[in-house]
Amino acid sequence: MAAVSDDFAKKCELKQNETLGRFVVARCDLSAGETLLLEQSIVVLPHIGDRRCSKCFKLTATFCGKCRLLSLCEDCAGHDERDCQRLRELQLSDEQVQILQEKANTEVQPALACLLLGEHQHSRPLFEEMSQMETHLEARRGTEIWKRYQAHAYAPLEATGVVKQLHSASGNAVDEILVQRLLGILDVNVYEIRAPEQGGAMRGLYRRAALFAHSCMPNLETAIDDERRIKVFANRQIAAGEILYICYTSVLLGNEERRHILKTGKCFDCSCARCQDPTELGTHMSSFICSGCACSGGYIVRQLETGTWQCLLNPEHTLKPEFVSNMLERAKEEIFHARGDIYRLELLLVKMSRLLHGNHYLMLDLKQNIASVLRQILQNMAHSPSRKVYERKIRVCQELLLVLKVVAPGISRLKAIALYELANTQAELARKLYSEQEQSSRELLGELNQTEIMMREALRMLLFEPVATPEGQMSRSMLRELKELQNDIKLLQDSNDDIVN
Ligand SMILES: C[S@@+](CC[C@H](N)C(=O)[O-])C[C@H]1O[C@@H](n2cnc3c(N)ncnc32)[C@H](O)[C@@H]1O
């Protein structure tokens, strides 16, 4: 079951206040990279709209032939026997089964999975603990999501008599409030985890990891391995007594987008230093270019108190909020359609740079897309890419890194990957130029020495990732590449020394 390393109790203290509810502080000084928690999930659930096998979590359209209610793929012989048995005991008619099967890609299956935890003696303590988690029931009551869960989760469970037959851990009958509570607990507390298929995602609920508060400038990093075990570790030195924070959203989103996700999904207003600063710590990740002050470098930012978009140099220069939201929506759509096409992406970047700061989060999204296409071009030897392609990728990586250094100052997976991409491309370009006799061996040595420093820094950050993750695997191959690089450097040094002597 949910194994928790002893370190959590030793290093962390649970507290509670009006603003954060329950939260965790460091009991002792913690060093960068130090693990606080290793924990198995209580439940793993598909995202709404997906149907996944209850055993292996692959996408599937089939159901368990015995209980007929939980999804089971054709490759799996069965799912949890206790759950299967309990669902068979409900003795639902074909018609009732059909109603629930038709709703299988709504919240019916997650609601059932949570209710089943309370049905067995062995998992009841987990159910009890889950029930203590934050749910924001009152704030959610009557909202769109409440109505959706009412219509697509509670109503079918009620109409088929399932709620009458299942009992919550307290022995009380299951009612709509309990179903809404459980689904609210999922919305507020789950972590996104990798699904078995490439690029897919699902949700995992963790007992202790759900206790950490949020900051857009977190001091913790999380990693979830292939066994769906979460590891939580310090991303910088933390002093005893500091509140421990993870980031519930992506640090590469702008203030408004992150705050919207936190408000609608988690029901709170973030008050971290980045959220309080319209320039986002000077990164300008949400800033527009002021056409009135373009030559003097004026940027239009959103004032937190008034919500108005005003130029920092000349407050009379403003943008209408509707213009901002329409423009951003259009830009997102255009980025989506340009994905994978380097010419469209570059053209879009030029077009958007007339309106948006170079660090605007949508510009960064475009740059990440460009870097990913350039990676594919450079990996494909048949393309024999020109020096310009390498140089473009290097510049894009450098621009991303400048922002990441501010918004993710400690150990960061994103930063490690960007740094590795930069080091790798720089080394490749140096080798190419040397082989084409455009660079001397001394210049090559200088370049490789620089990339070795970057590679070691990237590796230092990725070494904290569990082995059974793509990043863990990446760190293994980076280690091999680093050794090869160090070998090359040694050989070059020896041959340069020979020439000097
Ligand atoms: C995953 S739970 C964290 C544990 C929760 N505080 C509890 O008592 O169980 C997320 C909830 O904690 C609260 N929270 C977390 N970080 C916060 C922050 N920076 N400011 C205000 N509330 C926060 C919000 O109520 C949020 O919905």
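Reading guide: rules and limits
- Residues numbered from 1 in each chain as written.
- Predicted model: local features only at pLDDT ≥ 70, side-chain atom pairs only at ≥ 80, totals over all residues.
- Domains from an automatic or database assignment.
- Axes fitted to C-alpha atoms, helices over the stretch in contact; angles between N-to-C directions.
- Helix = DSSP H or I, 4+ residues; strand = E, 2+ residues; numbered from the N terminus.
- Parallel < 35°, antiparallel > 145°, perpendicular 65-115°, else oblique.
- Left-handed = near helix turned anticlockwise from the far one by under 90°.
- Contact = placed C-beta atoms within 7 Å.
- Nonpolar A, V, L, I, M, F, W, Y, C, P; charged D, E, K, R; others polar.
- Pairing = 2+ DSSP bridges.
- Expected span 1.5 Å × (residues − 1).
- Buried ≥ 20, exposed ≤ 12 C-beta atoms within 10 Å, placed from the backbone.

The domain boundaries assigned to the chain delineate domain 1 (7–41 + 208–246), domain 2 (48–189) and domain 3 (320–500). Computed over C-alpha atoms, the centres of domain 1 and domain 2 are 30 Å apart.

On to the packing of helix α12 (residues 321–338) against helix α13 (residues 342–352), then. Closest axis-to-axis distance for the α12/α13 pair is 9 Å, and the angle between their directions is 160°. By the criterion of interaxial angle, the relationship of α12 to α13 is roughly antiparallel. Where α12 crosses over α13, the handedness of that crossing is left-handed. Of the residues in α13, those touching α12 at A331, E334, I335 and A338 are R344, L345, L348 and M352. The residue makeup of the contact of α12 with α13, split by class, is six nonpolar, no polar and two charged.

Turning our eyes to something else, we now look at the pairing of strand β8 (residues 220–224). Across five bridges, the pairing between β8 and strand β9 (residues 229–234) is antiparallel. Residue pairing across strands places I224 opposite I230, the latter belonging to β9. Once β8 ends, the chain turns through four residues before running back antiparallel as β9, passing R228 with a positive phi of about 65°.

Looking now at helix α16 (residues 413–435). Taking 1.5 Å as the rise per residue, α16 with 23 residues should run 33 Å; its terminal C-alpha atoms sit 33 Å apart, in good agreement. Positioned one or two residues after α16, Q437 has a phi angle of 60°, which is positive.

This part covers unusual backbone geometry. For R68, which is not glycine, the phi torsion reads 65° and is therefore positive. Within the secondary structure, R68 is located in the loop between β4 (43–46) and α2 (81–89). With 18 C-beta atoms counted inside 10 Å, the residue R68 sits in the partly exposed group. Positive phi outside glycine occurs at E280, with the angle close to 55°. Note on placement: E280 falls in the loop between α11 (273–276) and β11 (288–289). On the basis of neighbour counts, which here come to 25 C-beta atoms within 10 Å, the residue E280 falls in the buried class.

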